[in-house]
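Per-entry structural report
Below, each chain spelled out in residue letters.
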Amino acid sequence: MRIAVLMGSPNADGSTALLARSFVKGAEEKGHECEVLNVCEMDVRPCKGCLRCGYEGPCSIHDDGDRIRSAILSSDMLVFASPLYYFGFSAQMKAAIDRFCSYNSSIHQKGLRSCLLTVAWNSDDWTFDSIVSHYRTLVRYLGLRDEGMVLGAGCGTPDMTRGSRYPREAYELGRSLRSETTCRQ
Ligand SMILES: Cc1cc2nc3c(=O)[nH]c(=O)nc-3n(C[C@H](O)[C@H](O)[C@H](O)COP(=O)(O)O)c2cc1C
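Below: a short report on this structure. Everything quoted here is computed from the prediction, not taken from an experiment. (Residues numbered from 1 in each chain as written. Predicted model: local features only at pLDDT ≥ 70, side-chain atom pairs only at ≥ 80, totals over all residues. Heavy atoms only, no water.)

**Observations concerning the overall build of the protein chain**
The criterion, for reference: Helical segments are the DSSP runs of H or I of at least four residues, strand segments are the runs of E of at least two, and each set is numbered from the N terminus. Based on C-alpha atoms, the radius of gyration is set beside the globule rule, defined as 2.2 Å times the residue count to the power 0.38. Buried residues are those whose accessible area, probed at 1.4 Å on protein chains only, stays under 20% of the maximum for their type, while exposed residues exceed 50% and partly exposed ones sit between those limits.
When you go through the protein chain residue by residue, the secondary structure sums to seven helices and five strands. Helices and strands appear in the protein chain in the N-to-C order β-α-β-α-β-α-α-β-α-β-α-α. Over its C-alpha trace the protein chain gives a radius of gyration of 16 Å, about what one expects of a compact globule, namely 16 Å for 185 residues. Its C-alpha atoms give the protein chain principal-axis dimensions of about 45 × 35 × 25 Å. Each of the 185 residues in the protein chain was classed as buried or not, and the buried ones make up 52%.

So this is what it looks like as structure tokens:
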């Protein structure tokens, strides 16, 4: 199946990227085709709330949001890879998510599979409560089918992350994906 990976860390060689690369390696070994969209290197402006799209239609902002839209709508799975920023998604990832506004119904109709890959400095047991709650709400609202989460606690630097179990978990998650394409077109 085709997998769109939204990479929401400004550090191209940071901890989020480590998890995203590990996931992609596992998924590709199983024959899946991954497209990594580094939303921090793309021009993705925040939704203006103009609602000219009517929640499903052309967006009035012409930027790389169009590329993200076509990548997601031609995929079977959507991966949210983000560092934890103040207990939520990075602003760049949130901007990309808000732009779903103009193709909300299309995403819902596809029944995409999804997963969450995230890293944080902290390792308290409540570290990921907010982002997990947000992710689960997106799954519910957008009609996604959750395939799993990798919650990288204590991953404050790339070295900490490399020494942790989480790159392996991300790799195993990628490898665990079944190959049939079950997404509604
Ligand atoms: C703006 C900012 C906000 C952060 N907020 C949190 C946070 O709320 N909780 C936490 O545990 N770590 C937080 N961190 C630490 C990062 O999540 C952590 O360093 C992560 O490894 C960064 O991933 P990256 O290498 O992909 O940039 C924050 C870092 C930054 C720069």
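**Focus on the pairing of strand β1 (residues 2–7)**
This is how it is decided: When DSSP locates at least two bridges between a pair of strands, those strands are taken to pair. Think of it like this: strands point away, you trace from the first strand over the helix to the second, and a clockwise trace means the crossover is right-handed.
With respect to burial, β1 is a largely interior element, five of its six residues being buried. By the bridge criterion, six bridges tie β1 to strand β2 (residues 33–38) in an arrangement that is parallel. Counted as the bridge partner of M7 is N38 from β2. With respect to chirality, the unit in which β1 leads through helix α1 (residues 15–29) into the neighbouring parallel β2 is right-handed. In this sheet, strand β3 (residues 77–83) lies alongside β1 in parallel orientation, the contact comprising five bridges. Residue pairing for β3: V5 is matched across the bridge by V79.

**Points about the environment of L117**
Short version of the rule: Any pair of residues with heavy atoms lying within 4.5 Å of one another is described as a contacting pair.
Assignment of secondary structure puts L117 in strand β4 (residues 113–119). Separated by 17 residues in the primary sequence, L117 and F100 have C-alpha atoms spaced 19 Å apart. Not counting residues up to four positions away in its chain, the partners in contact with L117 are L19, A20, F23, V79, F80, A81, S82, V150, A170 and L173.

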